[in-house]
Amino acid sequence: QAKAAQATENDLLAQLLGISSDSPLAKVRSQRADITRYIQGSYDALLAPADPAGVSLVERGLIALRVATLTGSHLLVEHYRDYLRQLGESVTTIAAVESIPIAVVLSPRLAALIKHTDLLTRQPASASSDQIVELRAQGLGAREIVTVAQLISFLSFQVRTSAALQVLQEVA
């Protein structure tokens, strides 16, 4: 029981969904605790790294908010909005990233990141070297571009996982 309670404390999705450590869903998830650990580890590595390596925590949070917005994940929109507030991001920028289409002028770098996020989230098969050229023009190197792509991929997975857990929670 104590082990399950500790796992829930270190499990963002369980926290966001309100999955109690003694619930049937928590018991099912505990059968594959490694998956929960890997999901949380990916979140920590991509959204709270010790070394942001050229993609700031705010930029990462804005990308995450954009993916959550584009996919209609209200739960994750709220989480990433709070995440950005804790980092001190302005309400104006947060609102701009949530709007579709974006109605205000963003910095060229952030605009390129959001454009790339939109493409990889909505039409990943349409991605081409043109987007890489645009990101490079905004000062992103190979490491940063790979980080952004990994982040967007993880976020898409996180959205699907949270939706699946919500459905399972409703039927449990």
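**Q** When you look at the side chain of Ser162 in this model, what are you seeing that I'm missing?
**A** Mapped onto the elements of the fold, Ser162 is located in helix α10 (residues 142–171). For Ser162, the residues in contact, after removing those within four places along its chain, are Leu13, Leu17, Ser73 and Leu76.

**Q** What's the story with empty space enclosed by the protein in this structure? I'm lost.
**A** Remark: the empty space left among the atoms is shown by a probe the size of a water molecule rolled over them. Throughout the structure, instances matching the rule amount to two cavities of 30 Å³ or more. Put simply, the largest cavity is a space of about 50 Å³. In terms of lining residues, the largest cavity is bounded by Asp11, Leu12, Leu13, Thr36, Ile39, Gln40, Tyr43, Phe154 and Gln158. Looking at the lining of the largest cavity, the elements that each hand over two or more residues are α2 (12–17), α4 (33–47) and α10. Along the lines of polarity and charge, the residues of the lining of the largest cavity split into five nonpolar, three polar and one charged. In this structure, the second largest cavity spans a volume of roughly 30 Å³. In terms of lining residues, the second largest cavity is bounded by Ala112, Lys115, His116, Gln131, Glu134 and Leu135. Sorting the residues of the lining of the second largest cavity by element identifies α8 (108–122) and α9 (129–137) as the ones contributing at least two each. Residues of the lining of the second largest cavity, tallied by class, amount to two nonpolar, two polar and two charged.

What counts and how
Residues numbered from 1 in each chain as written. Predicted model: local features only at pLDDT ≥ 70, side-chain atom pairs only at ≥ 80, totals over all residues. Heavy atoms only, no water. Helix = DSSP H or I, 4+ residues; strand = E, 2+ residues; numbered from the N terminus. Contact = heavy atoms within 4.5 Å. 1 Å grid on protein atoms, 1.4 Å probe; cavity = no way out; pocket = protein on both sides within 12 Å on 5 of 7 lines; lining within 4 Å. Points joined across faces, edges and corners; volume = space filled by probe spheres on them. Nonpolar A, V, L, I, M, F, W, Y, C, P; charged D, E, K, R; others polar.

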